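# Chain and residue survey
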Amino acid sequence: GSTNVDEPLDLLRLSLDEKIYVKMRGDRELRGKLHAYDQHLNMILGNVEETITTVEYDEDTCEEHVKTVKRNVAMLYVRGDGVILVSPPLRTR
């Protein structure tokens, strides 16, 4: 296959079987291996680390508490309409 990026989806094609970073709506972040995708950005990710960030507001102290919850999922179907950003794997030299 060619390694040219002519269209946006080419970036995903080049990232197949690589670990990618996906930012989702609702302050969810996913890191996992890209197994499959389609033109709607629906994706199948494997060995996923999901990070959910929530901000809780304490009315008594008027402070915001940022809470981060992580979980690992063996296989995850990601709906494309929730995807904000997809980053290819960081190439370490």
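Notes on the structure follow. Since the structure is predicted, the reported quantities are computational estimates derived from the model, not experimental observations.

Time to look at the pattern of salt bridges. Evaluation of the coordinates by the stated rule reveals 7 salt bridges. Across the salt bridge formed by E50 and R28, the nearest N and O atoms sit 2.6 Å from each other. Residue E50 is located in strand β3 (residues 43-58), and its partner R28 is located in strand β2 (residues 28-37); the two are separated by 22 residues in the primary sequence. On the basis of relative accessibility, which here comes to 26%, the residue R28 falls in the partly exposed class. Because the salt bridges share partners, they merge into one network encompassing R28, E50 and R71.

Inspection of the sheet shows β3 paired to strand β4 (residues 63-78) by 15 bridges, in the antiparallel sense. Note on β4: the bridge partner recorded for D58 is E63. Between β3 and β4, which pair antiparallel in sequence order, lie 4 residues; one of them, C62, sits at a positive phi of approximately 60°.

Reading the values: the criteria
Residues numbered from 1 in each chain as written. Predicted model: local features only at pLDDT ≥ 70, side-chain atom pairs only at ≥ 80, totals over all residues. Heavy atoms only, no water. Salt bridge = Lys/Arg side-chain N within 4 Å of Asp/Glu carboxyl O. Helix = DSSP H or I, 4+ residues; strand = E, 2+ residues; numbered from the N terminus. Buried < 20%, exposed > 50% of the residue type's maximum accessible area, 1.4 Å probe, protein only. Pairing = 2+ DSSP bridges.

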